[in-house]
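Chain by chain, the residues run as shown.
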Amino acid sequence: REMENHFECLWDLFRSIPSLEVPGASVLDEYYWLNKEDPNYSLCRATKDCGQDAHTDGKFNLSQKGCMEKLFMTKDEDLYDKTIEDVFDDEVFNSTFWLYWRTMFAFENWHSALEMKLYFQRFIHHISGLPDFSALKFTKYNQYESLILPMKKYLEAAGVDFQFNTEVTNVIFDINDGKKVAKAIECKVKGVEKGIVLTENDLVFVTNGSCTEGTIYGDQNHAPNGDAEVRTSGVWSLWKNIAKQDPSFGHPEKFCSDVSKTNWESATVTTLDDKIIPYITNICKRDPRSGKVVTGIVSCQDSKWLMSWTINRQGQFKEQDKNQVCVWVYGLFTDVPGDYIKKPMKDCTGKEITEEWLYHLGVPVEDIEDLAEHSAVCVPTMMPYITAFFMPRTKGDRPDVIPDGCVNFAFLGQFAETPRDTVFTTEYSVRTAMEAVYGLLGVDRGVPEVWGSVYDVRELLDSSVKLMDGMSPLEIELPGPLNALKKPLLRVVKGTVVEKLLRDHNVIKDGMLD
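Summary of the structure given here.

## Some details on the overall build of the chain
Item 1. What the chain contains, in helices and strands, is 18 helices and 14 strands.
Item 2. Computed over its C-alpha atoms, the radius of gyration of the chain comes to 25 Å, within 12% of the 24 Å expected for a compact globule of 514 residues.
Item 3. On the principal axes, the C-alpha backbone points of the chain span a range of 80 × 65 × 50 Å.
Item 4. Sorting the 514 residues of the chain into buried and exposed places 51% on the buried side.
Item 5. Sequence-distant contacts, at least 24 apart, represent 67% of the contacts inside the chain between residues at least 6 apart.

Laid out in structure tokens, this is it:
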């Protein structure tokens, strides 16, 4: 997942976890040094016409009306159950900003306007870094090996017992006079039904909902459907069973009932020789096998699947062959025929997805099939619930981390409610876990606040100018008499620290105070 310098909870956690790579260092040390030495930025954000640079050139191309949309200032409750297309129109949807936004965060037009607002506010300090991904930081390897594995080894050394053969099906509560006590866990251990009796001193933490539930794996010659392998954990059923017992436990149906609006598909393409590498290098302008930053997300602007692809530092896996390159490909529109392969992505084999990708790389048509067959192997992955947390919602649909009255129970993860932070991030998982543990155990330590850039006038001024591709807000035509107030207001700030602030962020330009 994409990370940034102000994931306050994530870094607070990993400063305590020893690195597996650097003796004597923490995972945070390792991560900081890596991104300081090799900062992330992209040299090509989008392509069109079979691998040609789309020359988005860092511009957002928002109209004046699009820049003045009211989403940012709208109260949360006014956006309950509203979609993005309820708020925006083609002034935004036809902009380069929307290409950046939806391919970076995986928002669709029918997703939650509230969640988009929270994203916009949460990451307002990174607006200038959206076009080239300089806003982002990444781990050296895939996140399992860079983050989860060091934490797992640390916990095992502390005596934690991980069990992977258990499927929890329900948590039974005793609810009386507003007091909610988890009394028993119903589960299957290696397929055998079992009950675990709990006391008030036993703490239960449940991850309710999952974006990877029901993941379907294809392979080079099979689409991720039909008889393909399906990964299930029963987590949606678990949340539904818990939610039946009290309204404060949330409403899972709001998120998991329409897979046509919550799915997209990704694929891992691994190169097997040198034949595809020159086409990659032609676009990203870097050697993909250097071990350093390679691409950032490259979106195929004219792709019917809205295909994007990215290559993180290689190797992405510690045991990866150093001569191979692992490419992550994904498409937001899985149910429409492609440009080269005239089938929906969800019906395509790994080889066919590779062919579509090679077409958008600019590989000559006569070479595509041979390269897809012999120079790469592809594993396609259909994820029915991958953006379930973006579905329109209202207050109470996501339960509080510790619902009112809960004595020994808390929710964790992307479908628990915590103010101001944003889902689909590693930060959200750590924040909800901190709130759960500190709350139930009475830990006398504050959970780090969400970074306050939304309240920083410097960030607001800077982002306003950046979103308008360098135009000052003072250059916008305001309605009626407001326009006439510009000059008098500018004269008031002349010679003050306010003038310096506005000049520093390009709101006041040379000649405006003459």
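## Looking at the sheet that holds strand E7 (residues 215-217)
Item 1. Taken together, the nine strands give an open sheet; going across it, the order is E2-E1-E10-E11-E12-E9-E13-E7-E8, and neighbouring strands pair in mixed fashion. Whereas interior strands pair on both sides, the edge strands pair on one side only; in this sheet they are strand E2 (52-53) and strand E8 (229-231).
Item 2. As defined by bridge partners, strand E9 (residues 264-271) adjoins strand E13 (residues 376-383) across eight bridges and the pair is classed as antiparallel. Note that in E13 the partner of Thr271 across the bridge is Ala376.

## A short note on the pairing of strand E5 (residues 192-197)
Item 1. Summarising burial for E5: zero of the six residues are buried, a small minority.
Item 2. In this sheet, E5 lies alongside strand E4 (residues 179-189) in antiparallel orientation, the contact comprising six bridges. Residue pairing in the sheet places Glu186 in a bridge with Gly195 of E5.

## Some words on the packing of aromatic side chains
Item 1. Within the structure shown, the criterion is met by 39 aromatic pairs.
Item 2. A cation over an aromatic ring shows up here: Lys152 above the ring of Phe162, its NZ or CZ 5.6 Å from the ring centre.
Item 3. If you follow Arg286 out to its NZ or CZ, it ends over the ring of Tyr41, 4.5 Å from the centre.

## Comments concerning the nonpolar core
Item 1. Ranked by size, the top nonpolar core spans 91 residues in total, and within it Phe97, Trp101, Phe107, Met116, Trp236, Ile242 and Phe409 carry the most contacts.
Item 2. Considering each element in turn, this core owes the most residues, seven residues, to helix H6 (residues 96-105).
Item 3. Apart from the residues within four sequence positions on either side, Phe409 is in contact with Val171, Phe173, Ala182, Val204, Val206, Ile242, Ile402, Pro403 and Leu440.
Item 4. The next biggest cluster of nonpolar side chains, apart from the first, holds 31 residues, and it includes Cys44, Trp309, Val363 and Ile368.

## Section: the packing of helix H13 (residues 350-361) against helix H14 (residues 365-374)
Item 1. For the pair H13 and H14, interaxial distance at closest approach is 9 Å and the crossing angle is 130°. It follows that H13 is oblique to H14 by the angle criterion. Relative to H14, H13 is oriented so that their crossing is right-handed. Each of Lys351, Thr354, Glu355, Leu358 and Tyr359 in H13 lies in contact with H14, whose residues at this interface are Ile368, Glu369, Leu371, Ala372 and Glu373.
Item 2. Grouping the constituent residues of the contact of H13 with H14 by class yields five nonpolar, one polar and four charged.

## A short note on the sheet that holds E4
Item 1. In spatial order, the strands read E3-E4-E5; together these three strands make up an open sheet with antiparallel pairing. A single partner strand is all that each edge strand has here, and the edge strands are strand E3 (166-176) and E5. Here the average twist between neighbouring strands, direction ignored, is 25°.

## Re empty space enclosed by the protein
Item 1. Counted according to the given criterion, the structure contains four cavities of 30 Å³ or more.
Item 2. A volume near 120 Å³ is recorded for the largest cavity.
Item 3. Glu2, Met104, Phe105, Phe123 and Leu136 are, among the 15 residues lining the largest cavity, the residues nearest its centre.
Item 4. The residue makeup of the lining of the largest cavity, split by class, is 10 nonpolar, two polar and three charged.

## A look at the environment of Thr354
Item 1. With respect to the element layout, Thr354 can be found in helix H13.
Item 2. Taking C-alpha positions, Thr354 is 9.6 Å from Val379, a pair spaced 25 residues apart along the chain.
Item 3. Ignoring sequence-local partners within four residues, the contact set of Thr354 consists of Val269, Ala372, Ala376 and Cys378.

## Points about the side chain of Thr425
Item 1. With respect to the helices and strands, Thr425 occurs in the loop between strand E14 (409-412) and helix H15 (426-441).
Item 2. A polar contact of 2.7 Å, which involves the side chain of Thr425, links it to the backbone oxygen of Thr422.
Item 3. Side-chain polar atoms of Thr425 contact the backbone nitrogen of Tyr428, separated by 3.1 Å.
Item 4. When neighbours within four sequence positions are excluded, Thr425 is seen to be in contact with Phe7, Tyr119, Phe123 and Gln414.

## Things to note about unusual backbone geometry
Item 1. Of note, the bond from Gln314 into Gly315 is cis; its omega dihedral lies within 30 degrees of zero at -5°.
Item 2. Tracing the backbone through its elements, the reader meets Gly315 in the loop between strand E11 (307-310) and strand E12 (326-331).
Item 3. One non-glycine residue with positive phi stands out, namely Asp49, at about 50°.

## Describing a nonpolar patch on the surface
Item 1. On the surface, a cluster of nonpolar side chains totalling about 360 Å² of accessible area is made up of Leu203, Phe205, Val437, Leu441 and Val443.
Item 2. Mapped onto the elements, Val443 comes out in the loop between H15 and helix H16 (457-467).
Item 3. Given the relative accessible area of 35%, Val443 is considered partly exposed.

## Side note on the pattern of salt bridges
When charged atoms on two side chains of opposite charge get close, those side chains can pair.
Item 1. The final tally for this structure, using the stated rule, is 33 salt bridges.
Item 2. In this structure, Asp81 and Lys254 form a salt bridge, with 2.9 Å as the shortest nitrogen-oxygen distance. Pair noted here: Asp81 is in the loop between helix H3 (64-67) and helix H4 (84-87) and Lys254 is in helix H10 (residues 253-256), with a separation of 173 residues, a long-range link.
Item 3. For Glu373, the salt bridge is made with Lys351, and the minimal N-O distance between the two is 3.1 Å. Of this pair, Glu373 sits in helix H14 while Lys351 sits in helix H13, placing them 22 residues apart in sequence.
Item 4. Here the salt bridges share partners, and the residues they tie into one network are Glu4, Arg122, Asp421, Glu427 and Arg431.

Conventions we followed
- Residues numbered from 1 in each chain as written.
- Predicted model: local features only at pLDDT ≥ 70, side-chain atom pairs only at ≥ 80, totals over all residues.
- Heavy atoms only, no water.
- Helix = DSSP H or I, 4+ residues; strand = E, 2+ residues; numbered from the N terminus.
- Rg over C-alpha atoms; globule rule 2.2 N^0.38 Å.
- Buried < 20%, exposed > 50% of the residue type's maximum accessible area, 1.4 Å probe, protein only.
- Contact = heavy atoms within 4.5 Å.
- Pairing = 2+ DSSP bridges.
- Phe/Tyr/Trp six-rings, centres within 6.5 Å; stacked < 30°, edge-to-face > 60°.
- Lys NZ or Arg CZ within 6 Å of the ring centre and 35° of its normal.
- Core = buried A, V, L, I, M, F, W, Y, C linked by side-chain atoms within 4.5 Å.
- Axes fitted to C-alpha atoms, helices over the stretch in contact; angles between N-to-C directions.
- Parallel < 35°, antiparallel > 145°, perpendicular 65-115°, else oblique.
- Left-handed = near helix turned anticlockwise from the far one by under 90°.
- Nonpolar A, V, L, I, M, F, W, Y, C, P; charged D, E, K, R; others polar.
- 1 Å grid on protein atoms, 1.4 Å probe; cavity = no way out; pocket = protein on both sides within 12 Å on 5 of 7 lines; lining within 4 Å.
- Points joined across faces, edges and corners; volume = space filled by probe spheres on them.
- Polar contact = N/O pair within 3.5 Å; in protein donor to acceptor, adjacent residues only side chain to side chain.
- Patch = residues over 30% accessible without salt bridge, like charges linked within 9 Å, V, L, I, M, F, W, Y side chains within 5 Å.
- Areas by Shrake-Rupley, 256 points an atom, 1.4 Å probe, with all protein chains shown as cover.
- Salt bridge = Lys/Arg side-chain N within 4 Å of Asp/Glu carboxyl O.

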